[in-house]
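In case you want the letters, here they are:
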2 protein chains.
Amino acid sequence: MPKISDVASRAGVSPATASRVLNGKSTVAPELAERVQAAAAEMQYRPNGLARSLRRRETTVIALIIGDVENPFFTSLARGVEDAAHADGYSVILCNSDEDPVKERRYVDVALQERAAGVVLSSAGSTESIGMLRDQRIPFVAVDRPVEGAATDTVVVDTRSAAAAATLHLLEQGYQRIGCIAGPAGIATADDRLAGYRDALRAANRRIPARLVRHAEFKAAGAKAAARQLLDRRERPDALLVANCVMARGVLEAMAELGLRSGRDVGLAAFDDDPWTTLITPPMTVIAQPAHDLGLIATRLLLSRIADPARAATTSTLHATLIPRGSTER
Amino acid sequence: MPKISDVASRAGVSPATASRVLNGKSTVAPELAERVQAAAAEMQYRPNGLARSLRRRETTVIALIIGDVENPFFTSLARGVEDAAHADGYSVILCNSDEDPVKERRYVDVALQERAAGVVLSSAGSTESIGMLRDQRIPFVAVDRPVEGAATDTVVVDTRSAAAAATLHLLEQGYQRIGCIAGPAGIATADDRLAGYRDALRAANRRIPARLVRHAEFKAAGAKAAARQLLDRRERPDALLVANCVMARGVLEAMAELGLRSGRDVGLAAFDDDPWTTLITPPMTVIAQPAHDLGLIATRLLLSRIADPARAATTSTLHATLIPRGSTER
DNA sequence: CTGTTAGCGCGTTCAA
DNA sequence: TTGAACGCGCTAACAG
């Protein structure tokens, strides 16, 4: 691969001049500029990004750390990040933490080593990784899940009140024993959704039935097991609020095996508006989250912080929308 | 951020010695080594990946270029790539071509600029980007879709024969007018699946009904429109082979709007074993692809080529599996 | 407006 | 075994 000095000598100028032409900095005699451009084109010159970044002391990659690329919520978010990043000439390194604080820490390490310009983080709760980010003063934004401690750019969804609204909806539909299959304790969105569920029951002067609440990973398998425990007994809940659509899949599997039909036998509402939810029978009531916008806004926030590290921290809260469907009609 | 010379002076040695210790190269007096390790730990030293890569003339990132992160087939594949890459200390840059040859070319450009160690490419058909990769002699492997020209490491699925098997299954179930909603013409997997469909009809001495074939993007919306065209007339097909599950969603939407039930009214089989396909009524017949393995094997192949660029090119073909379910029972 | 010089942070010579 | 010197490819500062 040719380097800039090769281009320069072919064009009969100094490397510095070639650099100036190729970067559009300062002004160069039109004739020389043309010779440089021609030489670069002929040789298929491609600047060495590493050398450039080393010298400029800045890169154009941002790291995105999420819990699970196979969860449509996160891929949609990732897409938003990508769109915003590429629009500004940045590349994205995608890292899968598997909701494991140790892996998360490792990826933050990689991001720091590679001198990423910034990080978009949906944290699994590793206070250590957040400490590293803060120590190194590398721009980062918390997305989907807030982080503890000092003020930080944050983009989240009003997931707690959305969970309350969904629970209220179940109450209004006449369900009496409403259970909840929550995400892993300690993860903000999981805790918030559970809290919202409790808020609504409390507001309606209902008992908050600890026996109707289960925690599980944000995966289908765990939710399936939890649902089976909850549903396979006489005193079963007559409705369930589920922390996301991946988990709802597991719940639906359990219900099918137990011969239970959603809506009629068990009211069902879950977070995330997976496109498949309208194709099942009955269609599933969901709490739609603006995942793509979440990624988009988080990334714009990050880019603006990269541009101005001194700017005060911002939190923006997007709204989730309850979409009632057949799974909550008796 | 501290640099290696900072660590060295704190440990009272030269930068060269510090480098030797930190990289485990050559042998250093145990006492000095310990001092260096201690200093590095205290200062939270993190080698500058850019400088290191520049000096070593090699990076540890690989680029993954796919058509659509929001397609579960690709995310599963991406997961396989990630798993294999991280196991070997490589990072992955994920690039979304949107099945657009121009975007694909741009990402190849980025990969070259950043001096990626290699590329895993599911090509949208940009001959230009493949030419660039070949010209620069950068290791790359074609995944899911073969590329034209010189021998290239390739990992694919026997999608053509799988499509034929699925079509044969539809014939055996007694469907008479079998249509096909294919992917975009020019994309290998789309063309192959359509070819397999034709193979099976030809082998059964059936007419190959051009009027029952439609092309669409690998998206729900396009497939929905195509399905509506096909199904909303008297002489409609009584079964459909669909190029993937994302498209099948569109087909199911169209059928719901037309009041058609899969299985009874229209037999339905689609590529990819999306977990939702067992939750709809009736469950959908699918052709399951080993997407995760595809990514895994492709990446291992890539890493082995990075290690030995002279090795002869390999093609491995994985098998897809027909899973008959209710959507192909009358 | 252009060229020369210097150095980003590292790993690897080559001598001692 | 250790350290000094050099250069990976680039761009910013300084001179001319």
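Note that the coordinates shown come from a computational prediction; the quantities given were computed from them, not determined experimentally. (Residues numbered from 1 in each chain as written. Chains lettered and ligands numbered in written order. Predicted model: local features only at pLDDT ≥ 70, side-chain atom pairs only at ≥ 80, totals over all residues. Heavy atoms only, no water.)

1. Comments concerning unusual backbone geometry
With glycine set apart, most residues show a phi of negative sign, and most peptide bonds adopt trans. Inclusion rule: Helix numbers and strand numbers start at the N terminus; a helix is a DSSP run of H or I with at least 4 residues, a strand a run of E with at least 2.
In this structure, proline 282 of chain A follows threonine 281 of chain A across a cis peptide bond, with omega equal to -10°. The topology assignment puts proline 282 of chain A in the loop between strand S9 (267–271) and strand S10 (285–288). Positive phi values are uncommon outside glycine, yet aspartate 272 of chain B reaches one of about 85°. Looking at the secondary structure, you find aspartate 272 of chain B in the loop between strand S9 (267–271) and strand S10 (285–288).

2. What about the environment of threonine 127 of chain A?
The residue threonine 127 of chain A is located in helix H7 (residues 127–135) in this model. Along the backbone, threonine 127 of chain A and valine 143 of chain A are 16 residues apart, and their C-alpha atoms lie at a distance of 15 Å.

3. Quick look at the sheet that holds strand S12 (residues 321–323) of chain A
Residue and element names in this part refer to chain A. The test is simple: Any two strands between which DSSP finds at least two bridges are classified as paired. Think of each axis as a best-fit line through the C-alpha atoms, taken over the contacting stretch in the case of a helix, with angles from 0 to 180 degrees between the N-to-C directions.
Taken in spatial order, the 6 strands line up as S7-S6-S8-S9-S10-S12 in an open sheet, and their pairing is mixed. Unpaired on one side and paired on the other, strand S7 (213–215) and S12 mark the two borders of the sheet. Direction aside, the axes of adjacent strands within the sheet are offset by 15° on average. For strand S6 (residues 178–182) and strand S8 (residues 239–242), the ladder comprises 4 bridges, and the chain directions are parallel. In the strand pairing of S8, isoleucine 181 is matched with valine 242.

4. Points about the protein's contact with DNA strand C
To keep it simple, the criterion reads: For this purpose, a residue is taken to be near a molecule or strand whenever a single non-hydrogen atom of the residue falls within 4 Å of it. Whenever a nitrogen or oxygen atom comes within 3.5 Å of another N or O atom, the pair is scored as a polar contact, on the condition that within protein one atom can donate a hydrogen and the other can accept it, and that pairs from neighbouring residues in sequence are kept only if both atoms are in side chains.
Neighbouring DNA strand C are 25 residues; Ala29, Arg55 and Arg57 of chain A together with Ile4 and Arg55 of chain B lie closest to it. Sugar plus phosphate, as a fraction of atoms of DNA strand C within 4 Å of the protein: 68%. Interatomic distance of 2.7 Å between a side-chain N/O atom of tyrosine 45 of chain B and a phosphate oxygen of DNA strand C. Note that a phosphate oxygen of DNA strand C is positioned 3.2 Å from one of the backbone N or O atoms of asparagine 48 of chain B.

5. Here we look at the protein's contact with DNA strand D
Quick reminder of the rule: Think of it as three bins: nonpolar holds Ala, Val, Leu, Ile, Met, Phe, Trp, Tyr, Cys and Pro, charged holds Asp, Glu, Lys and Arg, and polar takes everything else, Gly as well.
In the region of DNA strand D, 25 residues are neighbours, and Ile4, Tyr45 and Arg55 of chain A together with Thr17 and Arg57 of chain B sit closest. Those atoms of DNA strand D that come within 4 Å of the protein belong to sugar or phosphate at a rate of 72%. The separation between a base nitrogen of DNA strand D and a polar side-chain atom of arginine 20 of chain B is 2.7 Å. Those elements that provide at least two residues to the surface near DNA strand D are helix H2 (15–23) and helix H4 (49–56) of chain A together with helix H2 (15–23) and helix H4 (49–56) of chain B. Taken together, the residues that form the surface near DNA strand D break down as 11 nonpolar, 6 polar and 8 charged.

6. Comments concerning the pairing of S6 of chain A
Within a regular strand, the side chains alternate between the two sheet faces. Residue and element names in this part refer to chain A. What counts, and what does not: Think of it in three bands: with a 1.4 Å probe and only protein chains considered, a residue is buried below 20% of the maximum accessible area for its type, exposed above 50%, and partly exposed in between. Consider the strands pointing away from the viewer: the crossover is right-handed when the path from the first strand over the helix to the second runs clockwise.
Counting buried residues along S6, 5 of its 5 residues qualify, which places the element largely inside the surrounding structure. Burial of S6 is two-sided: the residues Ile178, Cys180 and Ala182 facing one way and the residues Gly179 and Ile181 facing the other way are all buried. Considered for its hand, the β-α-β crossover made up of S6, helix H9 (residues 188–203) and S7 is right-handed.

7. Quick word on the pattern of salt bridges
Inclusion rule: One side-chain nitrogen of Lys or Arg within 4 Å of one carboxyl oxygen of Asp or Glu is enough to make a salt bridge.
Counted by the stated rule, this structure contains 43 salt bridges over all chains. With a closest N to O distance of 3.9 Å, arginine 79 of chain B and glutamate 70 of chain A form a salt bridge. Of this pair, arginine 79 of chain B sits in helix H5 (residues 72–87) while glutamate 70 of chain A sits in the loop between strand S1 (61–66) and helix H5 (72–87), which puts the two residues in different chains. Under the relative-accessibility criterion, glutamate 70 of chain A is labelled partly exposed at 38%. Where salt bridges share partners, they join Glu70, Asp98 and Lys103 of chain A together with Arg79 and Asp83 of chain B into one cluster.

8. Here we look at the relation of the copies chain B and chain A
Counted only if it meets this: We place the copies in one frame by least squares, fitting the C-alpha atoms of every residue whose pLDDT is at least 70 in both. Any two residues having at least one pair of non-hydrogen atoms within 4.5 Å are treated as being in contact.
Mapping chain B onto chain A leaves a residual RMSD of 0.1 Å; the transformation is a rotation of 180° accompanied by 0.1 Å of translation along its axis. The operation mapping one copy onto its partner corresponds to a two-fold rotation axis. A shared interface surface links the copies, since 100% of the contact residues of chain B are contact residues in chain A too.

9. A few points about H5 of chain B
Residue and element names in this part refer to chain B. Here is the rule we go by: Each helix should span, by expectation, one fewer than its residue count multiplied by 1.5 Å.
In this model, H5 (16 residues) spans 22 Å end to end at C-alpha, consistent with the 22 Å of a helix rising 1.5 Å per residue. The element H5 is largely enclosed, with a buried count of 13 among its 16 residues. Measuring from the backbone nitrogen of phenylalanine 73 back to the side-chain oxygen at the start of H5 gives 2.9 Å, which picks out asparagine 71 as the cap.

10. Description of the UniProt feature "domain: HTH lacI-type" (unreviewed entry) in chain A
Keep this limit in mind: UniProt positions are given in the numbering used here, feature names are shortened, and annotations may be inferred rather than shown by experiment.
UniProt's feature table lists "domain: HTH lacI-type" (unreviewed entry) at residues 2–56 of chain A, given in the numbering used throughout. The span residues 2–56 of chain A carries 71% helix and 0% strand; its end-to-end C-alpha distance comes to 20 Å.

11. Looking at the domain arrangement of chain A
Residues and elements named next belong to chain A. Inclusion rule: Residue ranges assigned to the domains are those given by an automatic or database domain assignment. Buried area: the sum, over both parts, of the accessible surface (1.4 Å probe) that disappears when the two are put together.
Looking at the assigned domains, one finds that chain A contains domain 1 (4–47), domain 2 (56–157 + 291–320) and domain 3 (159–289 + 322–328). Taking only C-alpha atoms, the centre of domain 2 and the centre of domain 3 are 29 Å apart. Each side of the interface is counted separately: domain 2 has 12 residues, and domain 3 has 15 residues. Between domain 2 and domain 3 lies a buried interface of about 1,100 Å² when both sides are counted; carbon and sulfur atoms form 55% of it. Among the residues of domain 2 in contact with domain 3, Arg145, Val157 and Ala320 are the three that bury the most area, contributing 39% of the side total. Across the domain 2-domain 3 interface, the total number found is 1 salt bridge. Counting across the domain 2 and domain 3 interface gives 2 residue pairs in polar contact (both at pLDDT 80 or more). Considering only residue class, the side of domain 2 that touches domain 3 consists of 7 nonpolar, 1 polar and 4 charged.

12. Looking at the interface of chain B and chain A
In this assembly, 49 residues from chain B lie in contact with 49 residues from chain A. For the pair chain B and chain A, the summed buried area comes to about 4,800 Å², and 57% of that belongs to carbon and sulfur atoms. Connecting chain B to chain A are 6 salt bridges. Ionic pairing is found between arginine 79 of chain A and aspartate 98 of chain B, a salt bridge with its closest N-O pair at 2.9 Å. Where chain B packs against chain A, one counts 14 residue pairs in polar contact (both at pLDDT 80 or more). Those elements that place two or more of their residues in the side of chain B that touches chain A are H4, H5, strand S2 (91–96), helix H6 (101–113), helix H7 (127–135) and helix H11 (245–258) of chain B. Across the side of chain B that touches chain A, the residue classes break down as 21 nonpolar, 14 polar and 14 charged.

13. Topic: the packing of helix H1 (residues 4–11) of chain A against H2 of chain A
Residue and element names in this part refer to chain A. The following threshold applies: Roughly parallel here means an angle under 35 degrees, roughly antiparallel means over 145, roughly perpendicular means 65 to 115, and every remaining angle is called oblique.
Axis separation between H1 and H2 bottoms out at 8 Å; the angle between their running directions is 100°. Comparing the axis directions of H1 and H2 gives the class roughly perpendicular. Contact with H1, carried on its side by Ile4, Ser5 and Ala8, involves Pro15, Ala18, Ser19 and Leu22 of H2 and no other residues of that element. A breakdown of the residues in the contact of H1 with H2 according to their chemical character gives 5 nonpolar, 2 polar and no charged.

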